[in-house]
Amino acid sequence: MPSIFFLLGLLASCQSPEEKLQDHLTDPKAGDVYVVSYQPAGSTKPSYFYYQLVRFTADSAFFHPARREVTTADLSLEKEPNLFNPDDIKSFSRQELREFTQAQPGDAYKILLTTIRRE
C-alpha cells in the first residue's frame, strides 16, 4: 500500500504549472523564489529577475531581490549562493503578485511572474 506522502507527491506532480503557481501564491512559504520575466527595452529576448520570499502577512509579501538580472528562468540557485541581497527588502501586495501572473495591457516591459520555485 503506497504511503500518503507518495500519493501527495504524485498528486502535486500532476498539477499544471499554472495550478502550482496559484497554489504557491495562496500558501506562501519563506524561502520561496519568485521568478519574474520581463522584456528589456529594445530586446526581443526576455530577462529574468529573482526574488526570495522572506516573510509575508495577510496582505503583503517581503522579498530579498536578486543582486542582478539573469538570462534564464531555471538558474541553479545552488551555484549562485550570493544571488540575493539580504540588505535590501522589496514588498508587494498580494493583489500585485496575483496581477503579475497575467500580462497587463499597455505594459511595455511585459512583466510576468513565470514561476515560484519551492526547493
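All of the points below concern the structure found in this document. Predicted model, so just to flag it, every value in this text is computed and none were measured. (Residues numbered from 1 in each chain as written. Predicted model: local features only at pLDDT ≥ 70, side-chain atom pairs only at ≥ 80, totals over all residues. Heavy atoms only, no water.)

## A word on the environment of Leu83
You can see Leu83 is positioned in the loop between strand S3 (60–65) and strand S4 (90–93). Note on Leu83: relative accessible area 2%, which makes it buried. A sequence separation of 33 residues divides Leu83 from Tyr50, and the C-alpha atoms of the two residues are 8.5 Å apart. With sequence-adjacent residues up to four places away left out, Leu83 is seen in contact with Tyr50, Pro65, Ala66, Arg67, Arg68, Leu75 and Leu77. (Helix = DSSP H or I, 4+ residues; strand = E, 2+ residues; numbered from the N terminus. Buried < 20%, exposed > 50% of the residue type's maximum accessible area, 1.4 Å probe, protein only. Contact = heavy atoms within 4.5 Å.)

## Digging into the sheet that holds S3
Reading across the sheet, the 5 strands line up as S4-S3-S2-S1-S5 and stay open at both edges, with antiparallel pairing between neighbours. Strands at the two margins of the open sheet, each flanked by one partner only, are S4 and strand S5 (112–117). On average, adjacent strands in this sheet sit at an angle of 35° to one another, irrespective of strand direction. The pairing of strand S1 (residues 33–38) with S5 spans 5 bridges and is classified as antiparallel. Paired with Val35 across the strands is Thr115, a residue of S5. Packing of helix H2 (residues 17–26) onto the sheet brings it into contact with S1 and S5, and relative to S5 it is tilted by some 75°. (Pairing = 2+ DSSP bridges. Axes fitted to C-alpha atoms, helices over the stretch in contact; angles between N-to-C directions.)

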